[in-house]
Structure formats: structure tokens, C-alpha cells
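Inside the fold
Residue-level listing of the chains:
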Amino acid sequence: GDGVQDFFYEPYLGLMQSPTDFVIGVGKGTGSLLAGVASGVLSSTATIVGTASGGVSSGAALLTGDEKYAARRQEKLRELKASHGGVLSGLVAGGESVVTGFVSGISGLVTKPVEEVQKSGALGIFKGVGLGLMGAAMKPVIGVTDGISSVASGVTQQIAKATSDSLVV
């Protein structure tokens, strides 16, 4: 899009002014092109990872039986998208996702059996142990995947902000 157009148009505008402005135009156009390519690559990566993460986590809610975890995770992802934060917010959200995945997975080893015993009586312990083990296996994977997706999304948003600002050479 704009990067390719700027690559040709900025030097042209500079050439109409002076040789010095032509050189500045080449720099601006090249910078815009490179920023556009980098933004496209990172945006594609974030989309692919986000899609994979969404597919894994949707199935994980069924496997772990933990709808509260899935709802909290979806809310965090919505907040990250709405914030339009940059690299730092992506890193923070990514770190939170990883920690939450591990903590929820490990704590589920205790909480799920207790919850199922309260729901179903003594036999619920078997279902609870199974759900706890599934959560302990799946939630850290989801946390890491969401972490990668959050960081990639933050980088993409940062590049999008930078490319929307005018490049100064």
C-alpha cells in the first residue's frame, strides 16, 4: 500500500525541488517501504498465532471444563485489542497470560476435585482430578500461546503507530 507508493512518490517530490530533497525523498520512501513490509510481516504473524491460539483455547475450555478461565482469558484479549497499546503493553499482557496459565493450571489440580465433589458428591473427585490434570496440561500451553500472540500484537500496533506518523530523515 502506502509504503510502495511512498517509495516512488517521495523521491519524485524531492526531485521536483532539489537534489538534496531528492536524497531526502529516497530516504523517506525507503523508510516507508521497509516499515510497511515489517508491519505486514508482523501483522500476519500475529494473526496466525492469534488464530491458532483462539482455536486451541476454545477447545481447551471444553477439555478443562473451566469456563471462568476461558471467560477471563477472552476479556483480557478484548482489553488488549481495545487498548491499541504498543510493545510494552504487549509484553505486559503476554507475561500476565503466561503466569495466569501456569497458576490456573496448577491451582486447578486442587480446586477442580473440590468443586466436583461439592457438585456431584464423592464420585465427583474422579471427574475433578481428570479436569484438574487436563487444566494443568492445557492452561500453561494456552498461556504461552496467548503470550506470544500478545507480544506480536503489541509490536504490530507499535509499528502501525510509527508508520502512521510522518517519517523524518
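So, how was this worked out
- Residues numbered from 1 in each chain as written.
- Predicted model: local features only at pLDDT ≥ 70, side-chain atom pairs only at ≥ 80, totals over all residues.
- Heavy atoms only, no water.
- Helix = DSSP H or I, 4+ residues; strand = E, 2+ residues; numbered from the N terminus.
- Buried < 20%, exposed > 50% of the residue type's maximum accessible area, 1.4 Å probe, protein only.
- Areas by Shrake-Rupley, 256 points an atom, 1.4 Å probe, with all protein chains shown as cover.
- Salt bridge = Lys/Arg side-chain N within 4 Å of Asp/Glu carboxyl O.
- Contact = heavy atoms within 4.5 Å.
- Expected span 1.5 Å × (residues − 1).
- Arc of directions from axis to C-beta.
- Bend = angle between axes of the 7 residues up to and from the residue.
- Phe/Tyr/Trp six-rings, centres within 6.5 Å; stacked < 30°, edge-to-face > 60°.

Now for the overall build of the protein chain. Within the protein chain one finds five helices and zero strands. Counting only residues that meet the buried cut, the protein chain has 31% of its 169 residues in that class. Surface exposure of the protein chain reaches about 9,800 Å², of which carbon and sulfur atoms provide 70%.

Turning to the pattern of salt bridges, a few remarks are in order. In total, this model carries seven salt bridges according to the counting rule given. For the salt bridge of R73 with D146, the shortest nitrogen-to-oxygen distance reads 2.5 Å. With R73 in helix α3 (residues 67-83) and D146 in helix α5 (residues 124-164), this residue pair connects regions lying 73 residues apart in the sequence. Here the two residues R73 and D146 agree in accessibility, since each one is buried. Among the charged side chains, a network of salt bridges with common partners joins E116, K119 and K127.

In this structure, S150 sits in helix α5. Those residues in contact with S150 that lie beyond four places of it in its chain are L80, G90, A93, G94 and S97.

Turning to α3, a few remarks are in order. Taking 1.5 Å per residue, 17 residues should reach 24 Å; α3 reaches 24 Å between its end C-alpha atoms and fits that length. For α3, the set of buried residues is Y69, R73 and L80. One side of α3 holds all its buried residues, which, seen down the axis, span an arc of 35°. Exposed side of α3, more than 90 degrees from the buried face: E67, K68, K81 and A82 are the residues found there.

With respect to the element layout, K139 can be found in helix α5. In this structure, the C-alpha to C-alpha distance between K139 and D66, residues 73 residues apart in sequence, is 9.9 Å.

Okay, helix α1 (residues 2-17) next. With 16 residues, α1 extends 22 Å between its outermost C-alpha atoms, agreeing within 8% with the 22 Å of an ideal straight helix rising 1.5 Å per residue. The largest bend in α1 comes to about 25°, at F8, with the proline P11 one to four residues further on. Along α1, the residues that are buried comprise G3, P11 and G14.

Right, let's get into the packing of aromatic side chains. Scanning the model with the defined rule gives two aromatic pairs in all. For the ring pair F7 and F8, a centre distance of 5.2 Å and an interplane angle of 80° mean the geometry is edge-to-face. A residue is classified by how much of its surface remains accessible, and F7, at 32% relative accessible area, is partly exposed. Judged by centre distance (6.2 Å) and plane angle (35°), the rings of Y9 and Y12 are tilted. With Y9 and Y12 both in helix α1 and three residues apart, this pair spans about one turn of that helix.

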